[in-house]
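This is what each chain is made of:
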Amino acid sequence: MASSLTKDSTGIPDYEKTFLGHPRGLAYLFMTEMWERYSYYGMRALLVLYLSAQAADGGLGFEDATAIAIYSVYNAMVYLLALPGGWFGDRVWGARKTVAVSGTIIMVGHFLLALPMEASFFLGLAFIAAGSGLLKANISTMVGHLYRDKNDPRRDGGFTIFYMGINLGAFAAPLSIGLVGQTINWHLGFAMAGVGMGLGLLFYFFGFRSLAPESNQVPAPLTPAERAGVLKRGLIWLAVAAAAYGLVGLTGQFTIDWVLWPLTILGLALPTYYLVKVRRDSDLEPVERSRMSAYAWFFVAAAAFWAIYDQTGSTLTLFAKDNTANTLFGLEFPSSWFQSLNPLYVMALAPVFAWLWVALSRRGKEPSTLSKFATGLVLIGSSFFVMMLAQTASAGGVKVTPLWLASVYLIQTVGELTLSPVGLSLTTKLAPAKYASQMMGVWFLAVTAGSSVISLLQLVGAPTDTEWWFASQGAIAVLGGVAIFMFRKRVQPLMGGVH
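Residues numbered from 1 in each chain as written. Predicted model: local features only at pLDDT ≥ 70, side-chain atom pairs only at ≥ 80, totals over all residues. Heavy atoms only, no water.

A closer look at the environment of leucine 275
Filter applied, for reference: Helix numbers and strand numbers start at the N terminus; a helix is a DSSP run of H or I with at least 4 residues, a strand a run of E with at least 2.
For leucine 275, the location among the structural elements is in helix 9 (residues 257-279). Residues leucine 275 and methionine 292 lie 17 residues apart in sequence; the distance between their C-alpha atoms is 8.0 Å.

This is the structure:
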């Protein structure tokens with residue numbers, strides 16, 4: 001705590017100093033998040049490619065369906081663990097310590113992937129998922145702590161700058177880590193991701209004195225009795241899991257499905273349980289219960305959106321490798337580079353959308369929240385109709401032009417910019433007062449549910465290299481968007497005055 005209050009010769013605490021008009025701590029958190037996202041998206045650019053590559057090519061040799069299921073479960077767990085990650089920050093360590101610990105866990109996880117052993121690879125995935133879940137909610141909270149006045153006019157700009165750090169890291173990662181991992185050595189690429197997280201930690205530790213004192217506090221610490229109860233329940237569940245998997249292992253029946261099936265079911269059951277739990281809470285006012293009924297429909301629609309959107313790292317990555325020409329204007333590039341398109345589009349289009357909404361609002365023509373949400377769903381569904389056409393064009397082993405995927409990613413990015421900010425806004429507006437903080441974690445559970453559905457489809461054998469894979473999901477998303485728009489006058493009353 002003392003380091004947070006250090007002053008220089010001017011007598012100004014470090015956390016009150018500014019850099020380019022913003023609190024100096026923003027620069028350090030920007031760099032931390034940029035490098036963390038660099039490590040995350042760099043590893044993700046290689047994950048399905050490495051899992052599905054044959055042993056002769058240095059990969060693990062899984063079938064495409066299994067590789068997609070592993071990727072989907074991993075993605076689901078990252079977002080599922082954001083909920084307990086926020087809880088750790090609020091009740092156990094405080095945001096600052098939680099980010100320090102989680103960043104270290106992530107770095108160790110990446111270096112475990114760099115070891116040429118299958119066991120260390122899956123252990124590394126578990127480390128990265130756990131660390132990312134812990135870090136995700138807490139580092140954003142620390143950005144908010146820098147602006148002590150919630151009405152500080154710099155606050156929105158600060159979060160915009162922070163968001164740009166996320167996309168800079170996501171853009172650079174496939175271009176460098178993807179290139180090295182796919183063309184030189186998989187494990188060297190994973191090691192680069194670990195180095196990236198290490199650089200993020202260095203910036204974070206150097207910036208400790210510039211972070212707000214609130215970041216070092218535990219807002220609602222556990223009582224000794226609560227701590228003992230949590231520890232006891234955790235040990236019981238750990239013992240049950242160890243006994244179950246130990247028995248399976250001793251009988252020689254263990255396969256990767258013994259991990260994928262339970263985690264897939266958990267990824268579907270937990271979001272459902274949590275939504276029902278909040279909806280049925282007897283402490284809620286009637287208007288809050290009505291708003292949760294409306295939110296459940298938005299949650300399902302968002303799960304459909306993210307189920308399609310997050311296939312950029314799985315089915316679309318395999319399509320890029322197997323069905324897409326990796327040359328453009330005579331230049332050859334690795335297929336992992338396609339994953340840099342989305343963050344590039346976001347950086348180019350986010351300012352345009354921010355300006356557009358303000359301009360339309362001034363003229364009284366800004367679309368309603370429901371209309372924006374519906375548009376996002378229609379766009380993400382339309383992107384898979386384009387993929388259906390691309391799949392058809394690639395029949396017979398034809399390598400299609402990269403412009404197909406470039407178009408798909410563009411449509412998806414526009415859909416993301418239409419729906420994602422609206423979803424975050426809706427979550428804060430519809431959240432019951434009792435669950436105001438936790439509901440942000442619930443929004444992340446929509447990603448968990450969507451990824452778990454894709455994992456389930458792979459586990460039951462649904463083929464991803466067919467027109468029907470893309471057409472069916474595209475149709476569901478488009479119909480969901482049309483339904484929200486058509487029934488918006490029925491949904492609006494459930495929202496209890498929220499617009």
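Details of the packing of aromatic side chains
Formally: The aromatic pairing rule takes the rings of Phe, Tyr and Trp, using the six-membered ring of Trp, and pairs them if the centres are within 6.5 Å, calling planes under 30 degrees apart stacked, those over 60 edge-to-face and the rest tilted. For every residue, the accessible area obtained with a 1.4 Å probe (protein chains only) is divided by the maximum for its type, and the residue is called buried under 20%, exposed over 50%, and partly exposed between those limits. Whether a charge lies above a ring is judged from NZ of Lys or CZ of Arg, which has to be within 6 Å of the ring centre and within 35 degrees of the ring normal.
Within this structure, the stated rule accounts for 24 aromatic pairs. A centroid spacing of 6.3 Å and a plane angle of 15 degrees characterise the contact between phenylalanine 333 and tryptophan 337, whose relative ring orientation is stacked. Residue classification places phenylalanine 333 among the buried positions, given a relative accessible area of 12%. Given a relative accessible area of 30%, tryptophan 337 falls into the partly exposed group. Aromatic ring contacts, followed pair by pair, group Tyr50, Phe62, Phe121, Phe122, Trp186 and Phe190 into a single cluster. Taking the ring centre of phenylalanine 208 as reference, the NZ or CZ of arginine 96 above it sits at 5.3 Å. Between lysine 372 and the ring centre of tryptophan 357, over which it is positioned, the NZ or CZ distance is 4.2 Å.

Here's the deal with the confidence of the model for the protein chain
The condition is simple: The predictor attaches a confidence to each residue, called pLDDT, with possible values from 0 through 100.
Chain-level statistics for the protein chain give a pLDDT mean of 89 and a share of 94% at 70 or above. Per-element confidence in the protein chain ranges from a low mean pLDDT of 64 for strand 1 (residues 18-19) to a high of 97 for helix 7 (residues 186-206).

A word on the packing of helix 9 against helix 15 (residues 438-459)
Here is the rule: To get an axis, a line is fitted to the C-alpha atoms, and for a helix only the part in contact is used. The angle between two axes follows their N-to-C directions and goes from 0 to 180 degrees. Put simply, angles under 35 degrees are roughly parallel, angles over 145 are roughly antiparallel, angles from 65 to 115 are roughly perpendicular, and the rest are oblique. Left-handed describes a crossing whose near helix is turned anticlockwise from the far helix through less than a right angle; right-handed describes the clockwise counterpart. The contact criterion used throughout is that any non-hydrogen atoms of two residues lie within 4.5 Å. Under this grouping Gly is polar, as are all residues other than the nonpolar Ala, Val, Leu, Ile, Met, Phe, Trp, Tyr, Cys and Pro and the charged Asp, Glu, Lys and Arg.
Where helix 9 contacts helix 15, the two axes come as close as 8 Å, and the packing angle between them is 140 degrees. When the axis of helix 9 is compared with that of helix 15, the two are oblique. Crossing of helix 9 over helix 15 shows left-handed handedness. When helix 9 is examined against helix 15, the residues Asp257, Leu260, Trp261, Thr264, Gly267, Leu268, Pro271, Tyr274 and Leu275 are found in contact with a partner set consisting of Gln438, Val442, Leu445, Thr448, Ala449, Ser452, Val453, Ser455, Leu456 and Leu459. Here the contact of helix 9 with helix 15 is built from residues that sort into 12 nonpolar, 6 polar and 1 charged.

Comments concerning the nonpolar core
Test applied: Among the buried residues, those of types Ala, Val, Leu, Ile, Met, Phe, Trp, Tyr and Cys that are joined through side-chain atoms within 4.5 Å form a nonpolar core.
In this structure, Met43, Tyr74, Phe121, Phe190, Tyr295, Phe373 and Leu377 are the most contacted members of the largest nonpolar core, which totals 100 residues. For this core, the element with the most residues is helix 10 (residues 286-309), which contributes 13 residues. Ignoring anything within four residues of it in the chain, the contact list for phenylalanine 373 reads Phe298, Ala301, Ala302, Leu419, Val422, Gly423, Leu426, Trp443 and Ile484. Counting residues in hydrophobic clusters, the runner-up holds 18 residues, among them Leu135, Val143, Met197 and Leu201.

As for helix 12 (residues 341-362)
Applied cut-off: Here the expected span of a helix is defined as 1.5 Å times the quantity of residues minus one. One axis fitted to the seven residues ending at a residue, another fitted to the seven starting there: the angle between these axes is the bend at that residue.
The terminal C-alpha atoms of helix 12, which comprises 22 residues, lie 32 Å apart, in line with the 32 Å expected from a rise of 1.5 Å per residue. The largest bend in helix 12 is about 35 degrees, located at leucine 349, with the proline proline 351 one to four residues further on. Listed as buried for helix 12 are Leu341, Asn342, Pro343, Tyr345, Val346, Met347, Ala350, Phe353, Trp357 and Ala359.

Details of the pattern of salt bridges
What counts, and what does not: Here, a salt bridge means any side-chain nitrogen of Lys or Arg that lies within 4 Å of a carboxyl oxygen of Asp or Glu.
For the structure shown, the criterion picks out 4 salt bridges. For the salt bridge of glutamate 226 with arginine 91, the shortest nitrogen-to-oxygen distance reads 3.0 Å. In this pair, glutamate 226 is assigned in helix 8 (residues 224-250) and arginine 91 in helix 3 (residues 82-91), connecting sequence segments 135 residues apart. Assessed through its relative accessible area of 22%, arginine 91 is described here as partly exposed. Close ionic contact of lysine 321 with aspartate 322 constitutes a salt bridge, the shortest N to O distance being 2.7 Å. For lysine 321, a relative accessible area of 33% corresponds to the partly exposed category.

Regarding the side chain of serine 340
As a reminder, the rule being used: By the criterion applied in these results, polar contacts are pairs of N or O atoms within 3.5 Å in which, for protein atoms, one can donate a hydrogen and the other can accept it, and in which residues neighboring in sequence qualify only through two side-chain atoms.
In this fold, serine 340 is placed in the loop between strand 4 (331-332) and helix 12. At a separation of 2.6 Å, a polar atom in the side chain of serine 340 contacts the main-chain carbonyl oxygen of phenylalanine 171.

So, the packing of helix 1 (residues 24-52) against helix 4 (residues 95-113)
In the contact formed by helix 1 and helix 4, the axes pass within 11 Å of each other and the chain directions differ by 30 degrees. On the basis of the axis angle, helix 1 is roughly parallel to helix 4. Seen from above, helix 1 lies across helix 4 with left-handed handedness. For the pair formed by helix 1 and helix 4, the contact residues are Glu36, Ser39, Tyr40 and Met43 on the first element and Ile106, His110 and Leu113 on the second. Residue classes in the contact of helix 1 with helix 4 are distributed as 4 nonpolar, 2 polar and 1 charged.

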